Amino acid sequence: MTTAQEQADAPLFILYLDGEDYAEEMRNLALWVSDLLLPVYGREVTSQQPWCPRWWEHLEAVARLHGLWLAWQECTDPAAGASGPAVWHRDHLGPVLAELRSATGPFAGCKQGSHRAKAVPVVEAYNG
């Protein structure tokens, strides 16, 4: 069972942040993506495995990568035990990269050196 202090100390999901808190979290996330994630796990970009050079402009990518980074912090902490990194690879890295780099994922239409903004689905107002 978690204490109130542990809950207060837990990192907030990036979609709950705004202003300078959001900007600071994005700077830290961008460093992790550029300095660790992509150099180690960033496979070649193809039409079937796209990556957007402006990934931070895709809110879905920001949300998924932030969740991946939070899981990285938790699973690579010594308290996670010796199998923590293996759990991160199996349960977090693979599924997130598969979704992000899917030919139908958030980077579909983006190419090496080229960002393409996506149109969001039309949603009618709920009147109930």
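This one's a predicted model, so the numbers in the text were calculated from it and none came from an experiment.

A. Looking closely at the environment of Leu29. By the secondary structure assignment, Leu29 is in helix H2 (residues 19-41). Under the relative-accessibility criterion, Leu29 is labelled buried at 0%.

B. A look at empty space enclosed by the protein. Under the criterion given, the structure shown has one cavity of 30 Å³ or more. By volume, the largest cavity is sized at about 40 Å³. Lining the largest cavity are Leu37, Leu38, Tyr41, Gly42, Trp51, Leu97 and Arg101. Here the lining of the largest cavity gets three residues from one element, more than from any other, and that element is H2. Here the residues of the lining of the largest cavity are counted per class, giving five nonpolar, one polar and one charged.

C. Representation of the packing of H2 against helix H3 (residues 59-75) in the model. Between H2 and H3, whose axes approach to 10 Å, the crossing angle comes to 75°. Put simply, H2 runs roughly perpendicular to H3. Mapping the contact onto sequence places Tyr22, Glu25, Met26, Asn28, Leu29, Trp32, Val33, Leu36 and Leu37 in H2 and Leu59, Val62, Leu65, His66, Leu68, Trp69 and Trp72 in H3. For the contact of H2 with H3, a count of residues per class yields 13 nonpolar, two polar and one charged.

D. Region of interest: a nonpolar patch on the surface. A surface patch of nonpolar side chains, about 460 Å² in accessible area, is lined by Leu12, Leu15, Tyr16 and Leu59. Tracing the chain through its elements places Leu12 in the loop between helix H1 (4-9) and H2.

E. Quick look at H3. The terminal C-alpha atoms of H3, which comprises 17 residues, lie 24 Å apart, in line with the 24 Å expected from a rise of 1.5 Å per residue. Along its buried surface, H3 packs onto H2 and helix H4 (84-100).

Reading guide: rules and limits
Residues numbered from 1 in each chain as written. Predicted model: local features only at pLDDT ≥ 70, side-chain atom pairs only at ≥ 80, totals over all residues. Heavy atoms only, no water. Helix = DSSP H or I, 4+ residues; strand = E, 2+ residues; numbered from the N terminus. Buried < 20%, exposed > 50% of the residue type's maximum accessible area, 1.4 Å probe, protein only. 1 Å grid on protein atoms, 1.4 Å probe; cavity = no way out; pocket = protein on both sides within 12 Å on 5 of 7 lines; lining within 4 Å. Points joined across faces, edges and corners; volume = space filled by probe spheres on them. Nonpolar A, V, L, I, M, F, W, Y, C, P; charged D, E, K, R; others polar. Axes fitted to C-alpha atoms, helices over the stretch in contact; angles between N-to-C directions. Parallel < 35°, antiparallel > 145°, perpendicular 65-115°, else oblique. Contact = heavy atoms within 4.5 Å. Patch = residues over 30% accessible without salt bridge, like charges linked within 9 Å, V, L, I, M, F, W, Y side chains within 5 Å. Areas by Shrake-Rupley, 256 points an atom, 1.4 Å probe, with all protein chains shown as cover. Salt bridge = Lys/Arg side-chain N within 4 Å of Asp/Glu carboxyl O. Expected span 1.5 Å × (residues − 1).

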